[in-house]
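Take a look at the letters that make up each chain.
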Amino acid sequence: MGMETQATNERVTGRTWTVRLDPAGRGRADVRLSCSRPGCAAQTLPSAAVGRTAAVEHLKAHLRTGPAPRPEAYCACRAAECHTHIRPTGPRERPAAPWRCGGAVVLAVVADREGRWWQVMECCSRCAAAHPTAKVVATAPPPARTAPGRQAPDGSAEDRQAAAGPGPRGGRPAPAADPFQVTEGAAPGAPAFAPHFSHSAPGPAAAAYDVPSQRPARAARPPRPARRRPPRGRIAQRFVPHDLRPVSLRDELTELGELFRAYQQRDEPDLALLAELHDRKAEAFHAWYEVTLDTGLRLDAQRAEQAADAARLQHLHRSGQAPDGDGPAVARLLTAQAQWDHARAVLAYVAVHVPLPGPEARLLTLMLTLRTAQSGVGNLVGQDIRGLPLPEPEHLVGQLVECGWLELSGTVEELMDSRPESPTRISVPSLIPTDDDPGPFTFGRKMRPRLSGWAQRVVGEKKLRKTKSGADARLLALALATQVSVDAQLGPEGEGIDLDPLATWCAVTPDELPALVDRMTATGWLEEAEISDGLLTGSLSERVLPFSCPLM
């Protein structure tokens, strides 16, 4: 084989490029659009919705003007070891079977479900079908095949056809020659049988031989219907075998895969439906495990059971029901588990980073942290400070300014006299994000006012204000609201709360905590409260359940 033939058979790696949307900066609504194709400059767009529209149009422009998929391209997915659609094996799972690429070369677009990136790959059709979100936008034509011809000593088959001229039907090739006809004027000693073309007249020597007549063609049989296997089901990155028995199990797994994919396309989540699907998946995977004894199936079944319990519990929380589904509805101020976790994260951060001792300083530090948690800056008026149970609010604010924890745009007196129409700008330097330190909290701008409003509602609860409870009681109310189980029992799973960390959070000694618990019981916050063996047990009263943030 020559060098030219070897160069023709070489395959090039399939192309791949990505269009991405990234935040332009922390706390900003604009986004940055970038493309990995050379020559594409990054763009800054005002919002995520505008960015997605521009990204899709940018991708379509590349697909319209770019080259088509090449038949000789090597699958880009296989070059990356197909890691994007082959699930990695766990410590107790069997090694994954090697993927076999095949089919025509296509251009496939793989998109992120959240609309953050779009990737174009020049890969084989099998790898494109294995991606759950892939869409094929172009297919390479099949490679050209030349008809086989006999090589003559004086030239190639194409040369002979070009020399013979067009066939009898407007340029179509002439029919195949009959090898059993004799050429006119054969040379002495030449073979008796030589090729004879259909457009040349037979010579007199042809009459000396009897040419056998053509065998009559048989009647054409009707084509047999092609045997088509039923479509192969897929669920949880697993293919359902065609020969899986019983058939009812195979059909159940196939149907469940279709139902899960349909659920992913829903505009609004339905957690009750999702819990039911996970229950069916757990039951089906247990049956599949009993048939194949694959340990991975048993582990998937256990994970499906846990996912069903979590989805069912989230549904009860969002609908305001008790865990058994029969209790009264609870309209919580914070309605999702992520919000509850963020509230506990803020309390834990303030407990470690409070700059001054005492419950009054801790309560003021907490409220100011919630005002500036997202960007490190915020607005404050005098009523926000006077509404807290602080004996000397101006002096306490001055101490926070002197120690450098708090910065004001004016004086302390101007802050105390400011009104809602002209608030005072405040900043907490330790909470301002930088390039190297994004800050201690991960929630966004919409979450911060919800957490701040929840804390203000707890601290300013009606009974606490009427009884003129101090800062230590308000801190205890916040701790109790975030340290309860789903059924309002104190502690995780109702086991109680340790007294030492509870007293540390309230900035009181453990000996002062029983009297504080009695005051909370008198105000109607606690029911059946009891201190024994270093634990505080009991439950929140029904009146304050909307303030609760259950432990999950």
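Now for a look at the structure at hand. (Residues numbered from 1 in each chain as written. Predicted model: local features only at pLDDT ≥ 70, side-chain atom pairs only at ≥ 80, totals over all residues. Heavy atoms only, no water.)

A look at the nonpolar core
Counting residues in each nonpolar core, the largest one holds 72 residues, and the members touching the most others are Leu364, Leu406, Trp454, Leu480, Met520, Trp525 and Leu540. Ranked by the residues each element gives to this core, the list is headed by helix 16 (residues 471–482), at 9 residues. (Core = buried A, V, L, I, M, F, W, Y, C linked by side-chain atoms within 4.5 Å. Buried < 20%, exposed > 50% of the residue type's maximum accessible area, 1.4 Å probe, protein only. Helix = DSSP H or I, 4+ residues; strand = E, 2+ residues; numbered from the N terminus.)

Overview of the packing of helix 10 (residues 359–372) against helix 16
Running from amino to carboxyl end, helix 10 crosses helix 16 at an angle of 50°, the nearest separation of the two axes being 8 Å. Classified by the interaxial angle, the pair formed by helix 10 and helix 16 is oblique. In this structure, helix 10 crosses over helix 16, and the sense of that crossing is left-handed. For the pair formed by helix 10 and helix 16, the contact residues are Pro359, Glu360, Arg362, Leu363 and Leu366 on the first element and Ala471, Asp472, Arg474, Leu475 and Leu478 on the second. Across the contact of helix 10 with helix 16, the residue classes tally to 6 nonpolar, no polar and 4 charged. (Axes fitted to C-alpha atoms, helices over the stretch in contact; angles between N-to-C directions. Parallel < 35°, antiparallel > 145°, perpendicular 65-115°, else oblique. Left-handed = near helix turned anticlockwise from the far one by under 90°. Contact = heavy atoms within 4.5 Å. Nonpolar A, V, L, I, M, F, W, Y, C, P; charged D, E, K, R; others polar.)

Regarding the pairing of strand 11 (residues 377–380)
Taking every second residue as pointing to the same face, the buried face of strand 11 carries Gly378 and Leu380, while none of Val377 and Asn379 on the other face is buried. Sheet topology places strand 11 next to strand 13 (residues 424–427); 4 bridges connect them, and they run antiparallel. Looking at strand 13, one finds that Asn379 is bridged to Arg425. (Pairing = 2+ DSSP bridges.)

Quick notes on the packing of aromatic side chains
Applying the stated criterion across every chain yields a total of 4 aromatic pairs. Geometrically, the ring pair formed by Phe285 and Trp288 is edge-to-face, given 5.6 Å between the ring centres and 75° between the ring planes. Note that Phe285 and Trp288 are positioned in helix 7 (residues 271–292) at a spacing of 3 residues, about one turn of the helix. Taking relative accessible area as the criterion, Phe285 reaches 0% and is therefore assigned buried. Relative to Phe441, the ring of Tyr349 has its centre 5.2 Å away and its plane inclined at 75°; by these criteria the two rings are edge-to-face. Residue Tyr349 is found in helix 9 (residues 337–353), and its partner Phe441 is found in the loop between strand 13 and helix 14 (447–459); the two are separated by 92 residues along the sequence. Tyr349 gets classed as buried once you look at its relative accessible area, which sits at 16%. Through successive ring pairs, a cluster of aromatic residues spans Tyr349, Phe441 and Phe443. Its guanidinium or amino end placed over the ring of Trp17, Arg37 lies 4.5 Å from that ring's centre, counting from NZ or CZ. Sitting over the face of the ring of Phe285, Lys281 holds its NZ or CZ atom 5.6 Å from the ring centroid. (Phe/Tyr/Trp six-rings, centres within 6.5 Å; stacked < 30°, edge-to-face > 60°. Lys NZ or Arg CZ within 6 Å of the ring centre and 35° of its normal.)

Some thoughts on the pattern of salt bridges
For the structure shown, the criterion picks out 19 salt bridges. Among the ionic pairs, Arg15 bridges to Glu122, the shortest N-O distance being 3.0 Å. Residue Arg15 is found in the loop between strand 1 (12–13) and strand 2 (16–23), and its partner Glu122 is found in strand 7 (residues 117–124); the two are separated by 107 residues along the sequence. Arg15 gets classed as partly exposed once you look at its relative accessible area, which sits at 22%. In this structure, the salt-bridge partner of Glu255 is Arg280, at a minimum N-O distance of 3.9 Å. Remark: Arg280 occurs in helix 7 and Glu255 occurs in helix 6 (residues 247–264); sequence separation between them is 25 residues. Take Glu255: its relative accessible area is 37%, and that puts it in the partly exposed class. Note on Arg280: relative accessible area 24%, which makes it partly exposed. Counted as one network, the salt bridges with shared partners bring together Arg238, Asp294, Asp300 and Arg303. (Salt bridge = Lys/Arg side-chain N within 4 Å of Asp/Glu carboxyl O.)

Some thoughts on the sheet that holds strand 13
The strand order across the open sheet built from 3 strands is 11-13-12, with neighbouring strands paired in antiparallel fashion. A strand with exactly one partner marks an edge of an open sheet, and here the two such strands are strand 11 and strand 12 (407–408). The sheet contact formed by strand 12 and strand 13 spans 2 bridges and is antiparallel. Looking at the pairing, Glu407 lines up with Ser427 of strand 13. Against the sheet, helix 10 makes contact with strand 11 and strand 13, and its axis sits at roughly 115° relative to strand 11, the strand it touches most.

Some remarks on helix 9
The α-helix advances 3.6 residues per turn, and as a result positions three or four apart in sequence lie on the same side. Taking 1.5 Å as the rise per residue, helix 9 with 17 residues should run 24 Å; its terminal C-alpha atoms sit 25 Å apart, in good agreement. Taken together, the buried positions of helix 9 are occupied by Gln339, Trp340, His342, Ala343, Arg344, Val346, Leu347, Tyr349 and Val350. (Expected span 1.5 Å × (residues − 1).)

Re the pairing of strand 16 (residues 535–540)
The side chains of a regular strand alternate between the sheet's two faces. Relative to strand 16, strand 14 (residues 497–498) is paired through 2 bridges, and the arrangement is antiparallel. Note that in strand 16 the partner of Asp498 across the bridge is Leu535. For strand 15 (residues 526–532) and strand 16, the ladder comprises 5 bridges, and the chain directions are antiparallel. Bridged to Ile531 within strand 16 is Leu536. Between strand 15 and strand 16, which pair antiparallel in sequence order, lie 2 residues; one of them, Asp533, sits at a positive phi of approximately 55°.

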